[in-house]
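Here's the letter readout for the chains.
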Amino acid sequence: MAEDGSGDRGRAPASRPAFVWGVSTSSFQIEGGAQADGRGDSIWDAFCRQQNRVSNGDTGDVACDHYHRYAEDVALLRDIGVDAYRFSLSWPRILPRGRGAVNEAGLAFYDRLIDRLLADGIDPWICLYHWDLPQALDDLGGWTNRDIAGWFADYAALVARRYGDRVRRFATFNEPCVFTLFGYGFGWHAPGIADRTALHKAIHHVNLSHGAAVDVLRDAVPEVSVGAIHNRQPCFPSGTSKEDQEAALAFADYWNDAFPLPQHFARYPAKLAEAIEPFQKPGDMALIARPVDWFGLNHYSPHYIKADPGNVIGCSFGPAPADVQRTSIGWTIVPDAFRDTLLDIDARFRLPIYVLENGTAADDKVDNEGHVQDIGRIAYLQAYTSAMQEAISAGADVRGYFVWSLLDNFEWTAGYSQRFGLVYVDYPTQQRIPKASAQWYSDLIAAARRTPVGTGRQMTDVVAAKG
Ligand code: FCB
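Computed from a prediction, not measured in an experiment: that's the story for all the values here.

Each value, and the rule that gives it
Counting from 1, residues in each chain are numbered in the order their sequence is written. For a predicted model such as this one, the threshold for reporting local features is a pLDDT of at least 70, and the threshold for listing and counting side-chain atom pairs is 80 or more; totals across whole chains, interfaces and linings nevertheless cover every residue. In computing side-chain properties, one takes all heavy atoms of the structure into account and sets aside hydrogens as well as water. Being near a molecule or strand, for a residue, comes down to having at least one heavy atom within 4 Å of it. In protein, a polar contact means a hydrogen-donor-capable atom and an acceptor-capable atom, both N or O and within 3.5 Å, with residues adjacent in sequence counting only if both atoms are side-chain atoms; elsewhere, any N or O pair within 3.5 Å suffices. We get accessible surface area from the Shrake-Rupley algorithm with a probe of 1.4 Å; when it comes to residues, only the shown protein chains can shield them. Lys, Arg, Asp and Glu make up the charged group, whereas Ala, Val, Leu, Ile, Met, Phe, Trp, Tyr, Cys and Pro make up the nonpolar group; the residues left over, Gly among them, are polar. Stacked, tilted and edge-to-face are the three classes applied to pairs of Phe, Tyr and Trp rings, where Trp contributes its six-membered ring and a pair requires centres within 6.5 Å; stacked means planes under 30 degrees apart, edge-to-face means over 60, and tilted covers the rest. Secondary structure counts use DSSP, requiring at least four H or I residues in a row for a helix and at least two E residues in a row for a strand, with both numbered from the N terminus. Think of it in three bands: residues with accessible area under 20% of the maximum for their type are buried, residues over 50% are exposed, and the middle band is partly exposed, with areas taken using a 1.4 Å probe on protein chains only. Here, a charge over a ring is recorded when the distance from Lys NZ or Arg CZ to the ring centre is within 6 Å and its angle to the ring normal is within 35 degrees. The term salt bridge refers to a pairing of a side-chain nitrogen on Lys or Arg with a carboxyl oxygen on Asp or Glu at a separation within 4 Å. A score from 0 to 100, pLDDT tells how confident the predictor is in each residue. What makes two residues a contact is simply this: any of their non-hydrogen atoms within 4.5 Å.

Residue-level account of the site of the ligand, with values.
In the vicinity of the ligand, 13 residues are found, and the nearest of them are Gln29, His130, Glu175, Glu411 and Trp412. Glu411 is positioned with one of its side-chain polar atoms (N or O) 2.7 Å from an oxygen atom of the ligand. Across the complex, the protein chains shield 95% of the 300 Å² of accessible surface that the ligand would expose by itself. In terms of residue class, the shell around the ligand is made up of 6 nonpolar, 4 polar and 3 charged.

Here is the structure:
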């Protein structure tokens, strides 16, 4: 496809399919069952065991115990009334050492989950990789080892053969920019490496793995609908200096373009191309840029970036303007940035867009009546779905919206201190309490279903009416 967007592959047909309302989760953040039934360690298990990596020393050992309580969780999904549920597979639950011996019990867990979802009329969307790399593969260099493209393709083939009879929607990666930059560039996330060469190798090998998996999925699943999930946010200079302005542009290369550009247009942003060149082989870019069916977007808030010469990429997060409202995790609330991001993606990539994560952390508390009145989350979701409506009305081809997240869960280095769920989890008892926002979302979906399936505009009228 031409980079000017003239290609038009995958544009909305005259009669548009129904808008998809969903919620998203990920394996490490909710499953627990870390030692159950032969699961292997992931890099996040090992990372959590290190001192001072995760708030409060929290781990994923139990998490939301979804591994044992999945049926109850599917019932929550059914009660909310979602069309689709996006979850990720734990690679080390299926292949405890990342390759070689298969753990049948791990595969069987996802069989049960998928069958439960289908029985309740919920479309399963599988993400192959949401950050929990098998530790055994990290011992071989993880994403810095070029061989990982083959390991990932083999894992994708196994999964496609097992679930492809029931699952059509597959995403290769969740937020490759985040786990490469935080895991290999800044050292904040597993595996905790801060090294420029490792970062650039990891970026290229993840891109190669994406292309390899797309091919495998297309071969194995006849009606497959495949994409990748990118976190894209505007990157603003934190201050007014020329250095901060340049830093914001450099940061955007890593955050916004290091994966979508090669995957869609077979090229890296110019400066990154130089850094990656030593690890590239002839033919790589064609292997990476395999056609996909949609663009998956995770969006939360803009970034404010400062020059940081001590850092491996020379820039990092700076302070946001003081007058912008924030969520409990400190992320700014700027719905217009969501609208603009959707329009920008639409113009650049000319593919159907699925918003596969959007939501907010909040300081949720159970009141004396046993309810959780998360009015801040409802206001956030109202504002962001309205911004999506504006983008659709202005022509963006947005086909679905998934809230992050179904349940409160393990929020990476913040551990269990940040609650993102529509459903509250009382960790000591594992009791689930749907919050007011779960009812709000349920009402929104029900109202959307009552309107005739048609244009995005009709769907968004519903959002506006609810808002
Ligand atoms: C995204 C991650 C997801 C969750 C949300 C809050 O970056 O994909 O796992 O942590 O942020």
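Now that the structure has been shown, the text picks up again.
Kindly report on the packing of aromatic side chains, identifying the contributing residues and their values.
Geometrically, a pair of aromatic rings is defined through the distance of the ring centres and the angle of the planes. In this structure the tally under the stated criterion is 53 aromatic pairs. Taking 5.1 Å as the distance between ring centres and 80° as the angle between the ring planes, the aromatic pair formed by Tyr129 and Trp143 counts as edge-to-face. Of this pair, Tyr129 sits in strand β3 (residues 123-129) while Trp143 sits in the loop between α6 (135-138) and α7 (148-163), placing them 14 residues apart in sequence. Of the two residues, Tyr129 and Trp143, neither departs from the other in class, the shared state being buried. Through successive ring pairs, a cluster of aromatic residues spans Phe28, Trp44, Phe47, Trp131, Phe410, Trp412, Tyr416 and Tyr427. Positioned over the ring face of Phe109 is Arg93, at 5.9 Å from the centre of the ring.

Run through the pattern of salt bridges, naming residues and quoting values.
What the rule picks out here adds up to 32 salt bridges. Each of Glu104, Asp111, Asp115, Arg162, Asp165 and Arg166 takes part in salt bridges that share partners, so that together they form one network.

An account of the confidence of the model for the protein is requested, with residue identities and associated values reported.
For the protein, mean pLDDT is 94; residues scoring 70 or higher make up 93% of the total. Within the model, the stretch residues 452-458 combines pLDDT values under 50 with 11 contacts to residues more than four positions away or in other chains.

With reference to specific residues and values, describe the side chain of Arg39.
Here Arg39 is to be found in the loop between α1 (27-30) and α2 (43-49). Among the polar contacts listed, one links the side chain of Arg39 to the backbone oxygen of Ala34, at a separation of 3.2 Å. A distance of 3.0 Å separates polar atoms of two side chains, one belonging to Arg39 and the other to Asp45. In this structure Arg39 touches Phe28, Gly33, Ala34, Asp45, Ser90, Pro92, Arg93, Pro96 and Asn103, once residues within four positions along its chain are discounted.

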